[in-house]
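Take a look at the letters that make up each chain.
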Amino acid sequence: MEIFHTARIESRIGDMRIASTSAGLAYLELPFAAGRGLEGWLRRHAPDAKLVEGYAPNRPAIAQIVEFVEGKRKKFELDLDLRGTAFELCVYEYLLAIPYGETRSYEDVARTIGRPKAVRAVGTANGSNPIALVVPCHRIINKSGKLGGYGGGLTLKRQLLAMEREHSSGDRLL
């Protein structure tokens, strides 16, 4: 039986919930998140998992997530336990390479990963991203420049992109 350590995070953008395994951070539930939540994600990716409340195992992730939403961190230094289909994992790897303060279109992602006709599938993979913020799906926008969707809502996506634009110059942040 796989153990997931869960903890709640209070932050300036709202309360979040995280879950990690011995391999790394596996799930981050945004405030006002749409979708099935941690329990739904576990049913799909770890149906026999046991949840254990555990702040200590999540301490580094909590600290870095709070620093990020406060505009004090640009890059995460965490082990991740990313789960998904081969296509989703390919999209997540691409997202992890997008520099802080920059955006890409769904079409850019599809083309770069060698699946130029999979634009909608990229959007679906983004919507399934279990570690939003850390795997920065908020940096993906429509080709037209419009925001598109976001699991935490468009208001949060707008806030995150504005924060990153504001802090993208200079190297003062972690």
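The numbering scheme is per chain: residues are counted from 1 as the chain's sequence reads. At least 70 in pLDDT is required for a residue's local features to be given in this predicted model, at least 80 for side-chain atom pairs to be given and counted, and no such filter applies to totals for whole chains, interfaces and linings, which use all residues. Side-chain metrics in this entry use all non-hydrogen atoms of the structure; hydrogen atoms and water are not considered.

Draft legend 1. Broad picture of the layout of surface pockets. Reported here for the second largest pocket is a volume of approximately 240 Å³. Cavities and pockets were defined on a 1 Å grid built from protein atoms only: a cavity is a group of points that admits a 1.4 Å probe but offers it no way out, a pocket is an open group of points flanked by protein on both sides within 12 Å along at least five of seven lines, and a lining residue is one with an atom within 4 Å of any such point. Along the walls of the second largest pocket sit 14 residues, with Lys74, Lys75, Phe76, Leu96 and Val134 positioned nearest its centre. Classes in brief: Ala, Val, Leu, Ile, Met, Phe, Trp, Tyr, Cys and Pro nonpolar; Asp, Glu, Lys and Arg charged; the others, Gly included, polar. In terms of residue class, the lining of the second largest pocket is built from 11 nonpolar, no polar and 3 charged. Grid points are joined across faces, edges and corners, and a volume is the space filled by probe spheres set on the points.

Draft legend 2. Representation of the packing of helix H3 (residues 86-96) against helix H5 (residues 119-127). Interaxial angles span 0 to 180 degrees and are taken between N-to-C directions of axes, which are lines fitted to C-alpha atoms, for helices over the stretch in contact. Strands here mean DSSP runs of E at least two residues long; helices mean DSSP runs of H or I at least four residues long; both are numbered from the N terminus. Following both chains from N to C, one finds H3 and H5 inclined at 80°, their axes separated by 9 Å at the closest point. Judged on the interaxial angle alone, H5 and H3 are roughly perpendicular. Contacts between H3 and H5 involve Phe87, Glu88, Val91, Tyr92 and Leu95 from the former and Ala121, Val122, Ala125 and Asn126 from the latter. Should an angle lie under 35 degrees it is considered roughly parallel, over 145 roughly antiparallel, and from 65 to 115 roughly perpendicular; all remaining angles are considered oblique. Should any heavy atoms of two residues lie within 4.5 Å, those residues are considered in contact.

Draft legend 3. Fine view of the environment of phenylalanine 68. Residue placement: phenylalanine 68 occurs in helix H2 (residues 55-69). The contacts of phenylalanine 68, once residues within four sequence positions are left out, are Arg73, Phe76, Tyr100, Leu133, His138, Arg139, Leu160, Met163 and Glu164.

Draft legend 4. Geometry of H5. Summary of the burial criterion: residues with accessible area below 20% of their type's maximum are buried, those above 50% are exposed, and those between are partly exposed, where the area comes from a 1.4 Å probe applied to protein chains only. Listed in full, the buried residues belonging to H5 are Val122, Ala125 and Asn126. Along H5, the residues classed as buried sweep out an arc of 100° about the axis, all on the same side. Of the residues in H5, the exposed ones pointing more than 90 degrees away from the buried face are Arg120, Thr124 and Gly127. Those residues of H5 hidden inside the fold are in contact with H3, helix H4 (106-112) and strand S6 (140-141). Arc definition: it is the arc formed by the directions from the helix axis to the C-beta atoms.

Draft legend 5. Region of interest: H3. Of the positions making up H3, those classed as buried are Phe87, Glu88, Val91, Tyr92, Tyr94 and Leu95. The buried residues of H3 occupy an angular sector of 160° when projected down its axis, which confines them to one face. As for H3, its buried residues are in contact with helix H1 (37-45), strand S5 (104-105), H4, H5 and S6.

Draft legend 6. Main features of the pattern of salt bridges. Salt bridges are defined as contacts in which a side-chain nitrogen from Lys or Arg sits within 4 Å of a carboxyl oxygen from Asp or Glu. A full pass over the atoms with the stated rule returns 11 salt bridges. A salt bridge links arginine 17 to glutamate 39; its shortest N-O distance comes to 3.1 Å. Taken together, the positions of arginine 17 in strand S2 (residues 14-21) and glutamate 39 in helix H1 put the pair 22 residues apart, joining distant regions of the chain. The class of glutamate 39 is partly exposed, set by a relative accessible area of 37%. Linking glutamate 164 and arginine 139 is a salt bridge whose minimum nitrogen-to-oxygen distance equals 2.8 Å. Note that glutamate 164 is positioned in helix H6 (residues 154-167) and arginine 139 in the loop between H5 and S6, a separation of 25 residues in sequence.

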